[in-house]
Each structure stands twice: as C-alpha cells, then as structure tokens.
Amino acid sequence: MAIFDNSSSNWRSKNAQFWSGISEFYQKKGIDSWDRLVPHQITNNPEFAHTCAKLIAHYMLDCEQKGYSGRFTIIEPGAGLGKFAFHFIKELTSLLSISSTQSDLFRYVITDTSDQSIQFWTNHPQLKPYFESGTLVASRLYVDETLTVQFDLESLPRQDKFILLANYCFDSLYQSPFQYHNHAFVPCSIEHKPPSLTNQDGSVHYKPIPSAPRPFADCSFYDRILDEHYALGAERTLMPDGPIALIHWLDALNDHPLLIVASDKGFTNFTFDQYASNFNIIQTGTYASSVNFFALGRYIELALDGSKFFGPADQVQFGTHLFLTHASIHEYANLNLEGHSTISTVGTYAKSTTNLLTAEISLRDPYDFFNYLSSQRFAPFSLAVLYDHLETALQNCDILDSIDVDRVLNELLGNYYFTPHETSVVELACIGNLALMAKKFSFAKSLLDLFLKFHGTSYQYHRLMGNYFFLQSEFASAAHHFTESLSINPECESSKTFLQHCEALVEPAVI
Ligand SMILES: C[S@@+](CC[C@H](N)C(=O)[O-])C[C@H]1O[C@@H](n2cnc3c(N)ncnc32)[C@H](O)[C@@H]1O
C-alpha cells in the first residue's frame, strides 16, 4: 500500500525528476562514482563498520534474551562500492563468534540501484566467500519516481527479523521541499537549471506552490508532522518521502519490529542549524540533501507505533540514528546501552576522519602515527594519506623495532578492499612500502602476488618488486623491475634513483 500518490500531486511528480537525476548519476557511473568524486571514506572503513556491527550484535543479543531464536536479514540500500558491507560482515562475524553459538545468525542483502555496482560485487574476489556461503546476497533496490520500491522479494526470507542499514543513502532519495507561506506550510517546486559553461554544477531554486491541496500524503500523520516544524522554529524543511516510502514498504513485509540504523548528514531538531535557503541541498559529486531525521522519527513514532534514538543534535554534518518500529528501544537494554556509548561519538569520529582527509592532522612523532592508525582500526586509506610524513619520520628512528609490525601489517592487509581505482592501488602499495621498510620480505612477497592478481603489472608493482629485490641485495633483478617501472611511468622518481644505485652496484655486463 503506497502512501504517496504522485498522480494526485503534480508538484511531487515534477520534483521527482530532480531526484531521478541523482539516481541516474549513480546508475550511469556505477562504482566510478567513488573514484575521487563522491566522498565515502567516513562510512566505508573498518572503525565505522565495527561501530555498526557492535550495535547490531547488541540488538541480536536483546532479541535472543527476549526468546527469539530465528535469523536476521540485514538490508543495505545504496551500498555503493560494497566496501562497508565487506568490513561490516567481517566485524559482525567476529563479534558473533564471541557472543553467539549460532554460526549462521544473519544474512546480508547488499543492494543498489546501479546494475554495474551489483555486477562489481558479484565478481569481487574478496566478497566471493560470503556469496558462496550464503551470508551475502546481492539484489537491486530502487525507490523509483513514484516512490514505489522496486525489489526482487525472493532474496528476503519473510520469517526473519529485518534490519535496515542505510549509510549516506537517505540523502539521495526523494525529499519534498516545504516552505512556511502565509501561515501554512506549502510544497515548493524544484527548479533545476542544468550545468552550462558559466554555471558548471547547475543551480537549484525553489518556488512555493500555495495552491497545492492538502493532505500532502495518504498518511494522516504526514501533514501533522509537517506542521510540528513550525513549533520548532523551522520555516522551511525537506520531508523525507523516499526514506519514509522505503521504511513503510520494508516494515509491512512481516510482523516483526524493523530496526533501522541510518547514518547521514541531517537534522534531529532545529536548535543547532536551520535549513538554508537552498534547503541544504549540496553538490558532492552529485546532489545530496540533509536528511530530516526529526520528521522520519515522528513518522516512525506516529504511523508505525515505534521509537527513535537520535545521536547528538549538534552532529548535523554526520550522525548515526536508530529507529525501531512497533516497539520501544528502551525495552532493548543492550541496544540502548550500546547506542548511548557509541552513537554519541560517531560524529566526532567522522570529524577526525575528515581532518585526516583534508590533511589537517599533524602527528608529532611516529608513535603518534601508529596510535592514530590503531584508532582508525588500521584503515589502509589512513596509511596512504599519512604515508609521506611517516616515511620521512621512520628514516630517523628505530620505532619499527619496538612495535608489533606483523600485527600492524596483517591488520592493514586484512582491511584492504580492492577497487580498480588508483586510490586502491596506492593503498596496497603503501602497505607494501611499510612491509619493505620493516624488512618483512615474506609478507611483502605475498602482498606482491596479491598486487599482481588485483592490479596487474602497473609501474607501482614493478617499483615495489624493484625495492623487494634491492633490499635483499639482488641488484640485477631490482634493476630489471625499476627499468620496467620507468617504461610504464618515466616520471617515477624513486625508480630512477634506485636504478642509478643498481647501476652503480652491479657490473654493467650483468645489467
Ligand atoms: C551517497 S551514495 C552512498 C553510497 C554508500 N552507502 C556510502 O556510504 O558511500 C548514495 C547511494 O544511493 C543509491 N541510490 C541513489 N538513488 C537511489 C534510489 N532512488 N533508490 C535506491 N538507491 C539509490 C546510489 O546508487 C548510491 O549508491
């Protein structure tokens, strides 16, 4: 049963075209959307996945303590690269091995609107074991222009408890702009000027439609929630129609409460920030909005007889928020406790990751670096971002003798996730560099085999192979690889320098 009938509200179906433009961007670009275009590091990393896995594990414990002995199906909409899923499944499996006796307690349904992304996951060598064991299932999920959820229901066992894990997805789904106009909220039409030579990203304007008739949805609470905004001091707002349609659809599939863990930029109240005149619709590669969690929470409370647990209201830039339909989160003691301790810190963690990416973190010495790497749960991108500083610092000290380098290297490699993009090449190369600096040659050799399998014989591969042989005084083999590296990338300074060293160290006839 749909709650938004676009055919009776012209303004909504017209606005839908703007939001379809966002979906089309992802459908067309597939995983290349995340090749230095759409930001994704905050949600696609082991620390954030661990935080989410801990929440879910606590919820599972609660359900077990309440007498539930069935399984859980976790659905991730708009899963993008599949990197979060990779980290999350690893983390949850590890936590459940400590806390539960049931080995196949959950199934993960990874979804997106982009067929190309789905194809990428199903062929991904690191996801293959999960697909083969049945822990992971891929399917297309698309909230379409009519706010209908397109999904192949075969992949959802109806008897399971469902959990919706939405990371930076609700901000891409359809939202309706409303503005307070002559003492009442009225919808606005979104006027989008496509990009031109003078206006590279295009621009978005809003026009109030005072004549639009109420009610604005086939849900008696929708208009009431809208009007509640005024008491909170908000005179314009985006109503989260797409997320509401998705939750409404999933909740109706069985009688269990539905747990929703949503992480995004957004508002839980309007004390700390207000919707700007552009309704906080921003460009981050494509358009994205700031999610109205306040309205979503009220919808779940009123229409689905449920409850909410918001992260701190001032974390407008990024926060994790919990919702449970048909039940109170307070009755789930473990989830409640874990929610209190972790949700409050997610925004701070996101901020420090952003600082790292914008190079605003300065680490005083190599010990700081390894502590920082550990606090980021050994995310390879942290190593890649800080690598240049580290390399210089390590040359002047012997810290590698006093830390457990094997553990650091294994953690980093365990968290490496392949994509065909340059950033992924650099991450693996940095782990390789660190291994070679620590003279861990057998680790480096396995990494190089992996490098070849994932990325082929790029100049980085030959550069690393050159270093591998050079550090073991096999200068002829080293020279061969540095020469190969330079034939692919004549600008590689390190290959040039080391080739010169090789030439000085080896008899000319041997080279
Ligand atoms: C900002 S990206 C987030 C990707 C990933 N979850 C992350 O954290 O990096 C938004 C995702 O929503 C998906 N998406 C966009 N429009 C959608 C729609 N109408 N229905 C379902 N998914 C959609 C996109 O394909 C994309 O993967």
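Residues numbered from 1 in each chain as written. Predicted model: local features only at pLDDT ≥ 70, side-chain atom pairs only at ≥ 80, totals over all residues.

Undergrad: Describe the overall build of the protein, and please don't skip the residues or the numbers.
TA: Per the secondary structure count, the protein includes 17 helices and 16 strands. Against the compact-globule benchmark of 24 Å for 511 residues, the protein has a radius of gyration of 25 Å, which places it among compact chains. C-alpha extents for the protein along the principal axes are approximately 90 × 60 × 45 Å. A buried classification covers 46% of the 511 residues belonging to the protein. In the protein, once contacts between residues fewer than 6 apart in sequence are set aside, the share between residues at least 24 apart is 72%. (Helix = DSSP H or I, 4+ residues; strand = E, 2+ residues; numbered from the N terminus. Rg over C-alpha atoms; globule rule 2.2 N^0.38 Å. Buried ≥ 20, exposed ≤ 12 C-beta atoms within 10 Å, placed from the backbone. Contact = placed C-beta atoms within 7 Å.)

Undergrad: How would you summarise the sheet that holds strand β4 (residues 149-151) if you had to cite specific residues and measurements?
TA: Hydrogen bonds between backbone atoms are what pair the strands of a sheet, whose relative direction is either parallel or antiparallel. Here eight strands make up an open sheet; going across it, the order is β4-β3-β2-β1-β5-β10-β16-β15 and the pairing mixed. With one partner strand each, in any of the chains shown, β4 and β15 (307-309) form the two edges of the open sheet. Sheet twist, expressed as the mean angle between neighbouring strand axes with direction ignored, is 20°. Those strands touched by helix α8 (residues 293-302) are β15 and β16 (319-324), and its axis lies near 145° from that of β15. (Pairing = 2+ DSSP bridges. Axes fitted to C-alpha atoms, helices over the stretch in contact; angles between N-to-C directions.)

Undergrad: Tell me about the site of the ligand, and name the residues and values.
TA: Taken together, the neighbourhood of the ligand is formed by 23 residues, with Tyr26, His40, Thr43, Gly78 and Gly80 sitting nearest. Taken together, the elements giving at least two residues each to the shell around the ligand come down to α1 (10-29) and β3 (136-143). Per-class residue counts for the shell around the ligand are twelve nonpolar, ten polar and one charged. (Near = placed C-beta within 6 Å. Nonpolar A, V, L, I, M, F, W, Y, C, P; charged D, E, K, R; others polar.)

Undergrad: I'd like a description of the packing of helix α10 (residues 366-375) against helix α11 (residues 380-395), backed by residues and values.
TA: Their axes nearest at 10 Å, the elements α10 and α11 cross at an angle of 160°. If you check the angle between α10 and α11, you find them roughly antiparallel. Between α10 and α11 lies a crossing of left-handed hand. For the pair α10 and α11, contact is made by Pro366, Phe369 and Leu373 and by Ser382, Leu383, Leu386, Leu390, Ala393 and Leu394, respectively. When grouped by side-chain class, the residues that make up the contact of α10 with α11 number eight nonpolar, one polar and no charged. (Parallel < 35°, antiparallel > 145°, perpendicular 65-115°, else oblique. Left-handed = near helix turned anticlockwise from the far one by under 90°.)

Undergrad: Please give an account of the sheet that holds strand β7 (residues 184-193) that cites residues and values.
TA: Taken together, the four strands give an open sheet; going across it, the order is β8-β7-β6-β9, and neighbouring strands pair in antiparallel fashion. The open sheet terminates on both sides in strands that have one partner only, identified here as β8 (203-208) and β9 (236-239). Going across the sheet, the axis of each strand differs from the next one's by a mean of 35°, ignoring polarity. Pairing analysis gives six bridges linking β7 to β8, with the strands arranged antiparallel. From the neighbouring strand, His192 faces β8, where its bridge partner is Val204. Packing against the sheet, α1 makes contact with β6 (176-181) and β7, and its axis sits at approximately 40° to β7.

Undergrad: Quick one: what's the story with the domain arrangement of the protein, residue by residue and with numbers?
TA: Segmenting the protein into domains produces domain 1 (10-175 + 238-355) and domain 2 (366-505). A separation of 35 Å is found between the C-alpha centroids of domain 1 and domain 2. Contact with domain 1, which involves 15 residues of that partner, is made by eleven residues of domain 2. Contributions of two or more residues to the side of domain 1 that touches domain 2 are made by α2 (46-65) and α3 (83-99). (Domains from an automatic or database assignment.)

Undergrad: Requested: an account of the packing of α2 against α3, with residues and values cited.
TA: At a minimum axis distance of 8 Å, the contact between α2 and α3 shows a crossing angle of 45°. For the element pair α2 / α3, the angle class is oblique. With respect to the hand of their crossing, α2 and α3 are arranged in right-handed fashion. Along its contact with α2, which presents Pro46, Ala49, His50, Cys52, Ala53, Lys54, Ile56, Ala57 and Leu61, the element α3 presents Phe84, His87, Phe88, Glu91, Leu92, Leu95, Leu96 and Ser99. Of the residues in the contact of α2 with α3, the class split is twelve nonpolar, three polar and two charged.

Undergrad: Account for the nonpolar core, naming residues and giving values.
TA: Counting residues in each nonpolar core, the largest one holds 141 residues, and the members touching the most others are Cys52, Ile56, Ile74, Leu164, Ile260 and Ile431. Here this core takes ten residues from α2, the largest share from any one element. Residue-level mapping places this core at the junction of two domains, with at least three residues from each of domain 1 (10-175 + 238-355) and domain 2 (366-505). Beyond its immediate chain neighbours, meaning those up to four positions away, Ile431 contacts Pro380, Leu383, Leu409, Leu412, Leu413, Tyr416 and Leu447. (Core = buried A, V, L, I, M, F, W, Y, C linked by C-beta atoms within 7 Å.)

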